[in-house]
Amino acid sequence: MKRLIFNAISSCLLIAIHPGRCDAQSERPNVIIIFCDDLGYGDLGVYGHPTIATPNLDRLATEGQKWTNFYCAAPVCTPSRAGLMTGRLPVRSGMASKRKRVLFPDSKGGLPQTEITLARHLKKAGYATGIIGKWHLGHLEEYTPMAHGFDYYFGIPYSNDMDRIQEGEYFASIKQQPPTEQFNVPLVRNNEIIERPANQHTITRRYTEEAVRFIHTHQDKRFFLYLAHSMPHVPLFASAPFKGKSARGLYGDVVEEIDWSVGRVIDALKATGLDRNTLVVFTSDNGPWLIFEEQGGSAGLLRGGKGGTFEGGMREPAIFWWPSKIKPGVVRELGSTLDLFPTLSAIAGLDLPDDRVYDGYDLLGTLLDGAKSPREEIFYYRDEEVYAIRQGPYKVHFITQEDASPYHERTVHADPLLYHVDHDPGERVDIADKHPGRIEAFRQLLERHNATIRPVVNQLER
């Protein structure tokens, strides 16, 4: 497996070869990551949805880069966010579990202090740091955003369906669209609860107002803003101007309000003159929660959804926008949220810490120069175990479980499944019998990868 490791010498060589990199590092742009919750690959107009209107994101993709082979770190919330924040597979930090797949309000664990988050790392380059939205990496004091390098926090500590007051079977009760008061989720500013339960009807609007305020407040200082929407995770809520607006129904209302939010963020960047030197990344933590039917999203032509390791569970919309640097286009190279840590490190002129294993790759050459992505593989983890691996266009499944539905069982394949996901992105035609040599090569790749995993304290089971 290839690794791209920056040090002082290699950085100088790269700057000499790619002058654009020199500018990128000397200017050190502002960075905004806009992260959705449970958004499907097919939920945006620019990714093919016929009835959800997303004009701001469509324009962002046209002016920037639309990636078509971009993956999250895990198919559920907590481990996926741990991977984004650290550039490391969540199994390495103890943020993955078979027994408790995410953190809950009664969890005693969280992202360990030994982990280096994007916020903490970018502060070394002088960045002001803020998170607005969902955290879900630990709600106790030692695990909060303020303990992990963020200067400012406004949002909820875990998923918007937690702290449920209403009794009854979970899935049935959520489908009934209970009122926001049924979820005693706290809204937090820094380390202080300012509202409980959070009014989720207005939460996307208030996240947006906070993001715009953060941009204006920090227009004279380099900043990293992590805008982590708590929607379109169920329960779904939209503010009054958007409720009943979308032809797609309530789910469409919610996504269209997120699109409006993106537009307001871009407007704020233009109003402050920061648009030319700000990198905006838009993506999501995992695929759609299919068991919620019309209240869940769509993976488009991809198979599966949230909780599973078919493409629909982990392949996500991904848009990169940086007007002064990124050449517009459609990028079909491999990428992952794990790659944001090393990519942003390179942009900020920071070396990666050399005391730990990183699973991300620096995508700057692909973003700026159209170079081939250094990423060659995707490891599809479900909890603590690799279920599938993609290498180039081929993907092998050693274990399958369609999605997060309790009605789908785990299946271990003595004869692994093999798909060509460029020819067959819906993973319908198993071609394993035609490529026995590839299956063996994948087995060896898995063995080498597993040898790099070391036991750590499981934070989700504490």
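Residues numbered from 1 in each chain as written. Predicted model: local features only at pLDDT ≥ 70, side-chain atom pairs only at ≥ 80, totals over all residues. Heavy atoms only, no water.

### Some remarks on the pattern of salt bridges
- By the definition in use, this model includes 26 salt bridges.
- With a shortest N-O distance of 2.7 Å, Glu 385 and Arg 410 are connected by a salt bridge. Placement of the pair is Glu 385 in strand β12 (residues 385-391) and Arg 410 in the loop between β13 (394-400) and β14 (411-420), with a sequence separation of 25 residues.
- Residue class for Glu 385 comes out partly exposed when judged on its relative accessible area of 23%.
- For Arg 410, a relative accessible area of 40% gives the class partly exposed. (Salt bridge = Lys/Arg side-chain N within 4 Å of Asp/Glu carboxyl O. Helix = DSSP H or I, 4+ residues; strand = E, 2+ residues; numbered from the N terminus. Buried < 20%, exposed > 50% of the residue type's maximum accessible area, 1.4 Å probe, protein only.)

### A look at the side chain of His 397
- With respect to the helices, strands and loops of the structure, His 397 is situated in strand β13.
- For His 397, the side chain forms a polar contact with the side chain of Glu 427, separated by 2.7 Å.
- Aside from chain neighbours lying at most four places away, what touches His 397 is Thr 309, Phe 310, Tyr 387, Ala 388, His 413, Pro 416, Leu 417, Tyr 419 and Glu 427. (Polar contact = N/O pair within 3.5 Å; in protein donor to acceptor, adjacent residues only side chain to side chain. Contact = heavy atoms within 4.5 Å.)

### Considerations on the state of the cysteines
- Taken as a whole, this structure holds zero disulfides when the rule is applied.
- Of the cysteine sulfurs around Cys 72, a residue in no disulfide, the closest is that of Cys 77, at 10 Å.
- For Cys 77, a relative accessible area of 2% corresponds to the buried category. (Disulfide = S-S within 2.5 Å.)

### Considering the sheet that holds strand β11 (residues 377-382)
- What the four strands build is an open sheet, ordered β11-β12-β13-β14; its pairing is antiparallel. Of all the strands in the sheet, the pair left with one neighbour each is β11 and β14. With direction set aside, neighbouring strand axes in the sheet form an average angle of 20 degrees.
- When β12 meets β13, the two strands line up antiparallel, connected through four bridges. Bridging from a neighbouring strand, Ile 389 pairs with Val 396 of β13.
- Sitting on the sheet, helix α12 (residues 436-450) is in contact with β11, β12, β13 and β14, with an inclination near 125 degrees to β12. (Pairing = 2+ DSSP bridges. Axes fitted to C-alpha atoms, helices over the stretch in contact; angles between N-to-C directions.)

### Here's the deal with the confidence of the model for the protein
- In the predicted model, the protein carries a mean pLDDT of 93, and 94% of its residues have values of at least 70.
- Segment residues 1-26 is flagged for pLDDT under 50; beyond a separation of four residues in sequence, or across chains, it makes 39 contacts in the model. (pLDDT = per-residue confidence, 0-100.)

### Digging into helix α8 (residues 250-271)
- With 22 residues, α8 ought to run about 32 Å at 1.5 Å a step, and its terminal C-alpha atoms sit 31 Å apart, in line with that.
- Burial analysis of α8 places 17 of its 22 residues in the buried class, which makes it a mostly covered element. (Expected span 1.5 Å × (residues − 1).)

### So, the environment of Gln 166
- Relative to the assigned elements, Gln 166 resides in the loop between β4 (152-155) and α6 (170-175).
- A relative accessible area of 23% means that Gln 166 is categorised as partly exposed.
- Separated by 12 residues in the primary sequence, Gln 166 and Pro 178 have C-alpha atoms spaced 8.4 Å apart.
- For Gln 166, the residues in contact, after removing those within four places along its chain, are Ser 173, Gln 176, Pro 178 and Gln 182.

### Topic: the nonpolar core
- Counting residues in hydrophobic clusters, the biggest one holds 62 residues, and the most contacted among them are Ile 32, Ile 215, Phe 223, Leu 269 and Phe 282.
- For this core, the leading source of residues is α8, giving 10 residues.
- Leaving out residues up to four positions away in the same chain, Phe 223 has contacts with Asn 30, Val 31, Ile 32, Tyr 127, Ala 128, Phe 214, Ile 215, His 218, Leu 269 and Leu 274.
- Among the nonpolar cores identified, the runner-up in size contains 46 residues, and Phe 70, Met 85, Ala 228 and Ile 326 belong to it. (Core = buried A, V, L, I, M, F, W, Y, C linked by side-chain atoms within 4.5 Å.)

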